[in-house]
Amino acid sequence: MLQDFIGLFHNLPEYLSFWAQHYGAGLYIILFLIIFAETGFVVTPFLPGDSLLFATGALLALDLPNLSIGPMLVLLIIAAILGDWLNYHVGKWMAPKIFSDSNARWLNRKHLNKTREFYDKHGGKTIILARFMPIVRTYAPFVAGMSGMKYSSFFFYNVAGATVWISSFLCLGYFFGNLPIIKSNFQYVILAIIVLSFMPLLIEYVRALQKKSDCHAPSDEPSNVRIRSLE
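This one's a predicted model, so the numbers in the text were calculated from it and none came from an experiment.

Quick notes on the rules
Residues numbered from 1 in each chain as written. Predicted model: local features only at pLDDT ≥ 70, side-chain atom pairs only at ≥ 80, totals over all residues. Heavy atoms only, no water. pLDDT = per-residue confidence, 0-100. Helix = DSSP H or I, 4+ residues; strand = E, 2+ residues; numbered from the N terminus. Contact = heavy atoms within 4.5 Å. Axes fitted to C-alpha atoms, helices over the stretch in contact; angles between N-to-C directions. Parallel < 35°, antiparallel > 145°, perpendicular 65-115°, else oblique. Nonpolar A, V, L, I, M, F, W, Y, C, P; charged D, E, K, R; others polar. Salt bridge = Lys/Arg side-chain N within 4 Å of Asp/Glu carboxyl O. Buried < 20%, exposed > 50% of the residue type's maximum accessible area, 1.4 Å probe, protein only. Core = buried A, V, L, I, M, F, W, Y, C linked by side-chain atoms within 4.5 Å. Left-handed = near helix turned anticlockwise from the far one by under 90°.

Q: Would you mind going over the confidence of the model for the protein chain with me for this structure?
A: Low-pLDDT stretches of the model should not have their predicted coordinates read in fine detail. Taken as a whole, the protein chain shows an average pLDDT of 81; of its residues, 81% reach a score of 70 or greater. Here helix α11 (residues 223–230) stands out as the least confident element of the protein chain, with mean pLDDT 47; helix α8 (residues 151–176) is the most confident, with 95. A low-confidence stretch, residues 225–231 (pLDDT under 50), is modelled with two contacts involving residues beyond four sequence positions or located in other chains.

Okay, here's the thing in structure tokens:
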């Protein structure tokens with residue numbers, strides 16, 4: 001099972017070509033379901049979203065019968081929007097149930113209130129940027145729903161994020177995926193896409209550690225000077 005899953009990442013062009021040859025226009029439905037599942041279910045965060053979009057764009061550039069980039073672009077944007085929509089409402093429905101105990105160690109009201117404060121300040125940016133982060137994009141709308149993020153705001157950023165995410169990777173694959181240097185090193189390109197997708201998350205983690213370190217760093221100012229300044 002695990003070997004087959006890893007093989008999916010390494011052989012995306014072959015899988016997509018096989019599906020296109022055997023199912024034709026049915027590939028629209030297959031990819032719609034994959035994108036919807038990755039963004040709509042919290043239990044499916046490891047599906048190959050970014051690399052799948054890039055490889056799909058490269059496949060569509062080959063002018064296969066019954067397949068074209070226009071309908072695929074529209075369908076996958078809709079799939080991404082609906083996935084986040086579902087995840088948001090599941091999170092909103094589950095919040096009162098899993099945060100009911102105010103004395104719980106982890107899932108308590110205090111943590112929920114902190115999450116709400118974060119999404120009040122950074123919710124829009126989070127929904128859009130999360131689209132480009134594997135795993136994070138699966139949980140961001142769920143947490144947005146739990147935090148009680150205003151739905152009108154969530155809907156706007158959901159549509160914007162889905163449109164930018166799908167169109168950017170699909171078009172990159174369409175225009176550059178069949179270049180000789182890309183085709184001959186496709187598995188390394190896919191690996192690079194996966195690594196680059198995690199970079200924003202890594203950068204934010206390092207920034208958080210740096211900020212935490214700065215907050216706990218001892219001051220160089222002598223204590224007696226600080227006392228005088230208070231006087």
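There is more to say, and it comes next.
Q: Could you clarify how one ought to interpret the packing of helix α2 (residues 12–23) against helix α3 (residues 26–40) in this entry?
A: For any two helices packed against each other, one specifies the crossing angle of their axes together with the interaxial distance. Where α2 contacts α3, the two axes come as close as 8 Å, and the packing angle between them is 135°. Classed by the angle they form, the pair α2 and α3 counts as oblique. Where α2 abuts α3, its residues Leu16, Trp19, Ala20 and Tyr23 lie against Gly26, Leu27, Ile30, Leu31 and Ile34. Taken together, the residues of the contact of α2 with α3 sort by class into eight nonpolar, one polar and no charged.

Q: What is the right way to look at the pattern of salt bridges in this model?
A: Pairing of side chains with opposite charge becomes possible as their charged atoms draw close. Evaluation of the coordinates by the stated rule reveals three salt bridges. The salt bridge partner of glutamate 38 is arginine 137, with a shortest N-O separation of 2.9 Å. Of this pair, glutamate 38 sits in helix α3 while arginine 137 sits in helix α7 (residues 136–147); the two residues are 99 residues apart in sequence, bridging distant segments of the chain. When its relative accessible area of 0% is taken as the criterion, glutamate 38 is described as buried. Judged by its relative accessible area of 2%, arginine 137 is buried.

Q: Looking at this model, I keep getting lost on the nonpolar core. Mind explaining?
A: Soluble globular proteins tend to bury their nonpolar side chains together. Counting residues in hydrophobic clusters, the biggest one holds 34 residues, and the most contacted among them are Leu16, Leu27, Leu31, Ile35, Leu53, Met72 and Ile166. Those elements that place two or more of their residues in this core are α2, α3, α4 (49–60), α5 (69–98), α8 and α10 (186–216). A per-element tally of this core places α4 first, with seven residues. In contact with isoleucine 166, other than residues within four places in its own chain, are Ile35, Leu53, Leu73, Leu76, Ile77 and Ala80.

Q: I keep staring at the packing of α4 against α8 and nothing clicks. Help me out?
A: In the contact formed by α4 and α8, the axes pass within 6 Å of each other and the chain directions differ by 45°. Between α4 and α8, the crossing angle belongs to the class labelled oblique. In the packing of α4 onto α8, the handedness of the crossing is right-handed. For the pair α4 and α8, contact is made by Gly49, Asp50, Leu53, Phe54, Thr56, Gly57, Ala58 and Leu60 and by Trp165, Ile166, Phe169, Leu170, Leu172, Gly173 and Tyr174, respectively. Its residues placed into classes, the contact of α4 with α8 shows ten nonpolar, four polar and one charged.

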